[in-house]
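An overview of the molecular structure
For reference, the chains in residue letters:
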Amino acid sequence: MIYNISDIIFIYNTIYIIFSYIILFGGIFLTKFFTDKFECRKPYKTAVLVNVIWFLITFFVFSFLSGLITGYLITIGADVVLISIVGVINSVIILIINFLVIALLIKVFYKTGLKDSIFISLAVISIQVFIRIIVANVLNIIFILNTGHYFSFYVFQFF
Amino acid sequence: MDPISILVDIVILIIILILRALYTNWLATKLKWVSSFRRGFLVNLVWIIFLVVINLLIIFIAPPLFIGLSLTMDEITSIYIIIGFLIFIINVILGIFIVHSFYEKEYWGSSVVTIIVVISERVIMLIIFISIFFFFRVIFTEGFYLFTPF
């Protein structure tokens, strides 16, 4: 069976998205680990709650807004370069807002100090981004070896 | 090599070094480690020296090698992507060992500090990159040699 390049990209992208969700919900263990280290011992239920609320905000608010902006740019027939730059800006803004949201959630649910919650949030997000970069790059290398082309799965992959 | 680019590179490196030292110091303090700006500065100085050496080796060794092997542009780009990923991994491993040896603390803490520093730096670099591209329509790594891997 011969696949064309768009089919292969679709398969790789699907694999990457599955990994992304695993990494996202791995945040539960990271939250539990770091809050334990900061002596805010609470059951797993709290970590699950923090991560589920975070996921819902990300999925229904940020992803929706990001899709809306990209959709608008496509509708008005904007330049491809502009669309990709706006996509990158969206991702960076979403990452920063995510960081603030999780810091706030940790502060509220674990009743930690602001600086401690900022540190925990930084640690959780950085480790998730780090694993995502590794997954994206490994997939990209397999993609290069299979097709001879390269593909960007994640905004922070090449920087 | 353009002397102005090298000068700008060195100035940027010094600024990065100071900011990284302040950031590392803050992270170490949050983990309740005994830390100071001086120690953070030394950690990052050693770390950056290693990275600059690795980067310079690649800059001087890779292009003649690629010409010798008469590779196509696509192949060169792919190899650079793989090298970039390897440098990223080496950067993190180096960072973990340097932080561990300077602070004499457990590996999980050193890994966390290193990953936070590396990822934060990536995000900030991307923001700077987008801003420069957005306002000036130029890719800022062109002509910059030491600055590229950070």
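This one's a predicted model, so the numbers in the text were calculated from it and none came from an experiment.

Remarks on the interface of chain A and chain B
On the side of chain B, 23 residues touch chain A, which itself brings 23 residues to the contact. Secondary structure elements with two or more residues in the side of chain A that touches chain B: helix 3 (80–110) and helix 4 (114–147) of chain A. At 13 residues, the largest contribution of residues to the side of chain A that touches chain B is made by helix 4 of chain A. Class assignment for the residues of the side of chain A that touches chain B results in 18 nonpolar, four polar and one charged.

Quick look at the confidence of the model for chain B
All names here are of chain B. Mean pLDDT over chain B stands at 82; residues scoring 70 or higher make up 89%. Counting contacts from residues 142–150, a segment whose pLDDT is below 50, to residues more than four positions away or on other chains yields 26 contacts. Here the predicted complex carries an ipTM of 0.86, next to a pTM of 0.87.

Notes on the nonpolar core
Ranked by internal contacts, the top residues of the largest apolar core, which has 40 residues, are A:I102, A:I106, A:A123, A:V124, B:V113 and B:I116. Elements supplying a minimum of two residues to this core: helix 1 (5–37), helix 2 (44–75), helix 3 and helix 4 of chain A together with helix 1 (3–30), helix 2 (37–68), helix 3 (73–103) and helix 4 (107–136) of chain B. Among the elements that make up this core, the one with the highest residue count is helix 4 of chain A (13 residues). In this structure A:I106 touches A:T35, A:V50, A:T112, A:S117, A:I120 and A:S121, once residues within four positions along its chain are discounted.

Conventions and cut-offs
- Residues numbered from 1 in each chain as written.
- Chains lettered and ligands numbered in written order.
- Predicted model: local features only at pLDDT ≥ 70, side-chain atom pairs only at ≥ 80, totals over all residues.
- Contact = placed C-beta atoms within 7 Å.
- Helix = DSSP H or I, 4+ residues; strand = E, 2+ residues; numbered from the N terminus.
- Nonpolar A, V, L, I, M, F, W, Y, C, P; charged D, E, K, R; others polar.
- pLDDT = per-residue confidence, 0-100.
- Core = buried A, V, L, I, M, F, W, Y, C linked by C-beta atoms within 7 Å.
- Buried ≥ 20, exposed ≤ 12 C-beta atoms within 10 Å, placed from the backbone.

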